[in-house]
Amino acid sequence: QLQASGGGLVQAGGSLRLSCAASGGTFSTYVMGWCRQAPGKEREFVAATTWSGGSTAYADSVKGRFTISRDNAKNTVYLQMNSLKPEDTAVYYCAAGSTIRALTARQANYWGQGTLVTVSS
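The rules behind the values
Numbering of residues starts from 1 in each chain and follows the order in which that chain's sequence is written. In keeping with the predicted nature of the model, local features appear solely for residues at pLDDT of at least 70, side-chain atom pairs appear and are counted solely at 80 or more, and the whole-chain, interface and lining totals rest on all residues. Side-chain descriptors were evaluated using all non-hydrogen atoms of the structure, hydrogens and water having been removed beforehand. Note on definitions: salt bridges are taken to be side-chain nitrogens of Lys or Arg within 4 Å of carboxyl oxygens of Asp or Glu. Starting at the N terminus, helices and strands are each numbered in turn, a helix being any DSSP run of H or I of at least four residues and a strand any DSSP run of E of at least two. Exposure classes here rest on a 1.4 Å probe applied to the protein chains alone. A residue is buried below 20% of its type maximum, exposed above 50%, and partly exposed in between. Whether two residues touch is decided by their heavy atoms; if any such pair falls within 4.5 Å, the residues are in contact. Polar contacts here mean pairs of N or O atoms no more than 3.5 Å apart (in protein, one a potential hydrogen donor and the other a potential acceptor; neighbouring residues in sequence count only if both atoms are side-chain atoms). Among buried residues, those of type Ala, Val, Leu, Ile, Met, Phe, Trp, Tyr and Cys that are joined through side-chain atoms within 4.5 Å constitute a nonpolar core. Two strands qualify as a pair provided that DSSP identifies no fewer than 2 bridges between them. The axes used here are C-alpha line fits, helices contributing only the stretch in contact, and every angle between their N-to-C directions lies in the interval 0 to 180 degrees.

What exactly am I supposed to notice about the pattern of salt bridges here?
Oppositely charged side chains may form a pair once their charged atoms are brought near each other. Counting across every chain of the model gives four salt bridges. Ionic pairing is found between Arg-36 and Asp-88, a salt bridge with its closest N-O pair at 2.9 Å. Here Asp-88 lies in the loop between β8 (76–81) and β9 (90–97) and Arg-36 lies in strand β4 (residues 31–37), a separation of 52 residues in the sequence. Using a relative accessible area of 5% as the deciding quantity, one classes Arg-36 as buried. Salt-bridge contacts for Lys-63 lead to Asp-60; the nearest nitrogen and oxygen are separated by 3.2 Å. Judged by relative accessible area, Asp-60 falls into the exposed class, the value being 66%. Taken together, the shared-partner salt bridges connect Arg-36, Glu-44, Arg-65 and Asp-88 into one network.

Encoded structure:
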């Protein structure tokens, strides 16, 4: 089970940190990441990280502004979002997949329930 939290309303240029707590399974073998879905648009990949190797990947639209990290002891993955823009407004979903490539294709084994991020201009 993946439980996402940390969404909210923020002004453009502001920051938010999303959290995704994993429980009820062995997630240490999975790649963890985030995807988002804006109103009327398809779900898109945002960021991903491996649990142990520290390899990460980002969508071009968030590179340099978002940082994904994890705390293995807490089975939690974070998404630090800085310099937020109105176009970042979306429901953000935590995901667990087999590879980073799979998550970039939005192919996940598990999805969290989503947390809404709204960026006002």
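I tried to follow the environment of Arg-106 on my own but got confused; where do I start?
Looking at where Arg-106 falls in the secondary structure, it is placed in the loop between α1 (100–104) and β10 (110–111). Residue classification places Arg-106 among the partly exposed positions, given a relative accessible area of 36%. Between the C-alpha atoms of Arg-106 and Gly-33, which are 73 residues apart in sequence, the distance is 9.8 Å. In this structure Arg-106 touches Cys-35, Glu-42, Arg-43, Glu-44, Phe-45 and Trp-111, once residues within four positions along its chain are discounted. A distance of 3.0 Å separates a polar atom in the side chain of Arg-106 from the backbone oxygen of Arg-43.

Please explain the nonpolar core as it appears in this structure.
General note: in soluble globular proteins, nonpolar side chains tend to be found buried as a group. In terms of nonpolar packing, the biggest core is built from 35 residues, with Met-32, Trp-34, Leu-79, Met-81 and Tyr-92 touching the most fellow members. If you tally residues by element for this core, the top one is β9, at five residues.

Please explain the sheet that holds strand β7 (residues 66–71) as it appears in this structure.
Backbone hydrogen bonds are what pair the strands of a sheet, in a parallel or an antiparallel way. With antiparallel pairing, the four strands of this open sheet are ordered in space as β1-β3-β8-β7. Since the sheet does not close on itself, it has two edges, and those belong to β1 (2–5) and β7, each with one partner. Strand-to-strand, the axes of this sheet are offset by a mean angle of 15 degrees, without reference to chain direction. With four bridges connecting them, β1 and strand β3 (residues 16–22) associate as antiparallel partners. The partner of Ser-5 across the bridge, within β3, is Ser-19.

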